[in-house]
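# A closer look at the structure
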Amino acid sequence: MQRCPPPLLKSPLLHLGEVFFAAILFLSFAPSASALIITVCPSGCNYVSVQAALNANDYGSGDTINVSGTATTTISMIGGNDEGVIIDGGGTAIMDFGGATFGIRFEGEDGTTFKNFTIRNAVSAFYTHTTASTYNITISNITFESTTQLGLNLNNMAGGWSVSGLTASSSVRCVQIKTASGVNNFSNITCSGGTGPS
């Protein structure tokens, strides 16, 4: 009676090598995480207001909310759920806050960027007042129209802030800064056409 040879057993090291190769192959073709790009406009975009976009997602560094047209809802960013998000008006967007006390209120949203839009109809266009310090905020290329009384009403800031490119009607008090600690790039703030900073 002829005997069959015993089956060949794989070396444990060879098996581990195959698993490792498969893992590398999977990671090579797995989709990479990318920053979110969200659009906001009166019609035809992901959302009709910035606040609706913020409520729907928790954003991180590099995620962008691109705004076009006229947005009419105030913005509240409190609690640190959207640190690092960029809100970009593309140079043409208008935030019309309808006479609200605070247009954009943010507290603890470290690393956030606001840029390239016009603000109308707010007592304070930007407002932050919190016992928790807020770090590394960028505000650039913002225009405050005459229906806004105070552009930046900023309190309890910590390090890393950068503010540039502010333009305002002559009646606007552009910047009011209180209780700043370790703030960068404030000594060179200029507000073309408005008064301040103070």
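These numbers were taken from a predicted model, which means no experiment stands behind them.

Procedures and definitions
Residues numbered from 1 in each chain as written. Predicted model: local features only at pLDDT ≥ 70, side-chain atom pairs only at ≥ 80, totals over all residues. Heavy atoms only, no water. Core = buried A, V, L, I, M, F, W, Y, C linked by side-chain atoms within 4.5 Å. Buried < 20%, exposed > 50% of the residue type's maximum accessible area, 1.4 Å probe, protein only. Contact = heavy atoms within 4.5 Å. Salt bridge = Lys/Arg side-chain N within 4 Å of Asp/Glu carboxyl O. Helix = DSSP H or I, 4+ residues; strand = E, 2+ residues; numbered from the N terminus. Disulfide = S-S within 2.5 Å.

Our next topic: the nonpolar core. Counting 39 residues, the largest nonpolar core has Phe 126, Ile 139 and Phe 144 as its most contacted members. Ignoring any residue separated from it by four or fewer positions in sequence, one finds Phe 126 in contact with Ile 104, Phe 106, Phe 114, Phe 117, Ile 119, Ile 139, Ile 142, Phe 144, Gly 151, Leu 152 and Asn 153.

The next subject is the pattern of salt bridges. Tallied over the full model, the rule gives two salt bridges. Taking the shortest distance from any N to any O, the salt bridge between Glu 107 and Arg 105 comes out at 3.2 Å. In this structure, Glu 145 engages Arg 120 in a salt bridge whose closest nitrogen and oxygen atoms are separated by 2.6 Å. With Glu 145 in the loop between strand 7 (138-144) and strand 8 (150-155) and Arg 120 in strand 6 (residues 113-128), this residue pair connects regions lying 25 residues apart in the sequence.

To continue, consider unusual backbone geometry. Within the chain, Asn 121 stands out as a residue other than glycine whose phi angle is a positive 60°. Considering the arrangement of structural elements, one finds Asn 121 in strand 6. Among the residues examined, Asn 121 registers a relative accessible area of 21% and is labelled partly exposed. Here the phi dihedral of Asn 141 falls at roughly 55°; this positive angle occurs in a residue that is not glycine. Looking at where Asn 141 falls in the secondary structure, it is placed in strand 7.

Next up on the list: the state of the cysteines. Disulfide: a covalent bond connecting the sulfur atoms of a pair of cysteines. Evaluation of the coordinates by the stated rule reveals two disulfides. There is a disulfide in this structure between Cys 174 and Cys 191, and the S-S distance comes to 1.9 Å. Its torsion about the S-S bond being 75°, the disulfide of Cys 174 and Cys 191 is classed as right-handed. Pair noted here: Cys 174 is in strand 10 (residues 173-178) and Cys 191 is in strand 11 (residues 191-192), with a separation of 17 residues, a long-range link. Both residues of the pair, Cys 174 and Cys 191, belong to the buried class. Regarding the disulfides, the protein chain carries the connectivity 1-2, 3-4 under sequence-order numbering of its bonded cysteines.

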